[in-house]
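Report on the structure
These are the residues of each chain, in order.
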Amino acid sequence: NVASIGTVFEKLLYKPLVRLSGLLAFALMAGGLSILVLDLGRPDRLVISMTHFNFKSIFVWNINFYMGFFAIVAAYLWTAMDWRLVGVSKPVGILAFMWRLALTSCTGWVFGFIVARQAWDAAVMAPMFIVFSFAYGLAIFLLVLMAAYGWTQRPLGDAVIRRLKNLLGVFVAGSLYFTAVQHLTNLYATEHHGVVRFIL
């Protein structure tokens, strides 16, 4: 989020935070991919999933999006750290932002496309996951940023915290909106009343 705001939307306040944002995205994606790998059940299935691609499986799409995101974020961090590549930083940042939207949509489709989970079988899952990821990512970034500045005993300006806090509020409000839409849509169908009551 923060890297995209600084590079893609050219907000100067966020430029010094681009590298931390990219590094944190890389670390969180590694955690997300490890959870997907654990979902395979047995370690030997990883070899099968890497050599036999079932493009009808949304999980295969998701893992490919993760691998692509690793490569793009690595390139993005390189352009952010090498002053000779400063002209390439924005196009790579735009690619990272668009890829990130596709990756998060794919994660939402994992829930939206699986017919066994009828309560979540909805088109709203993709944009809902995008807004959720904006909120979760920014919240984790804020915690890491405040901890890093606290450990190094450097002052973190109120303007930065205020802007990020307000942006987080917008993302949380968007998350609440999409959650309300999902539940109201499910409540409209009688077959989902029981599961919505259970979830709420």
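Two side chains bearing opposite charge may form a pair once their charged atoms approach each other closely. Applying the stated criterion to the full structure yields two salt bridges. Put simply, Lys90 and Glu10 hold a salt bridge, and the shortest N to O gap is 2.9 Å. Of this pair, Lys90 sits in helix α5 (residues 86-113) while Glu10 sits in the loop between α1 (2-7) and α2 (18-38); the two residues are 80 residues apart in sequence, bridging distant segments of the chain. According to the relative accessible area criterion, Lys90 is partly exposed, its value standing at 31%. According to the relative accessible area criterion, Glu10 is partly exposed, its value standing at 49%. Between Arg84 and Asp82 there is a salt bridge, and its shortest N-O distance comes to 3.0 Å. The class of Asp82 is buried, set by a relative accessible area of 13%.

Looking now at the nonpolar core. Within the largest apolar cluster, 20 residues are counted, with the highest numbers of intra-cluster contacts made by Val2, Leu17, Leu138, Phe141, Leu145, Leu164 and Phe171. It is helix α6 (residues 125-151) that provides the largest number of residues to this core, a total of eight residues. Those residues within four positions of Phe141 in sequence are excluded, and the remaining contacts are Val2, Leu17, Leu20, Ser21, Leu24 and Leu164. In this structure, Met29, Tyr66, Phe70 and Val73 belong to the second largest nonpolar core, which totals eight residues.

You can see Thr104 is positioned in helix α5. Discounting chain neighbours no more than four positions away, the residues touching Thr104 are Phe129, Ile130 and Ser133.

Quick notes on the rules
Residues numbered from 1 in each chain as written. Predicted model: local features only at pLDDT ≥ 70, side-chain atom pairs only at ≥ 80, totals over all residues. Heavy atoms only, no water. Salt bridge = Lys/Arg side-chain N within 4 Å of Asp/Glu carboxyl O. Helix = DSSP H or I, 4+ residues; strand = E, 2+ residues; numbered from the N terminus. Buried < 20%, exposed > 50% of the residue type's maximum accessible area, 1.4 Å probe, protein only. Core = buried A, V, L, I, M, F, W, Y, C linked by side-chain atoms within 4.5 Å. Contact = heavy atoms within 4.5 Å.

On their own, these measurements won't tell you what the molecule is for.
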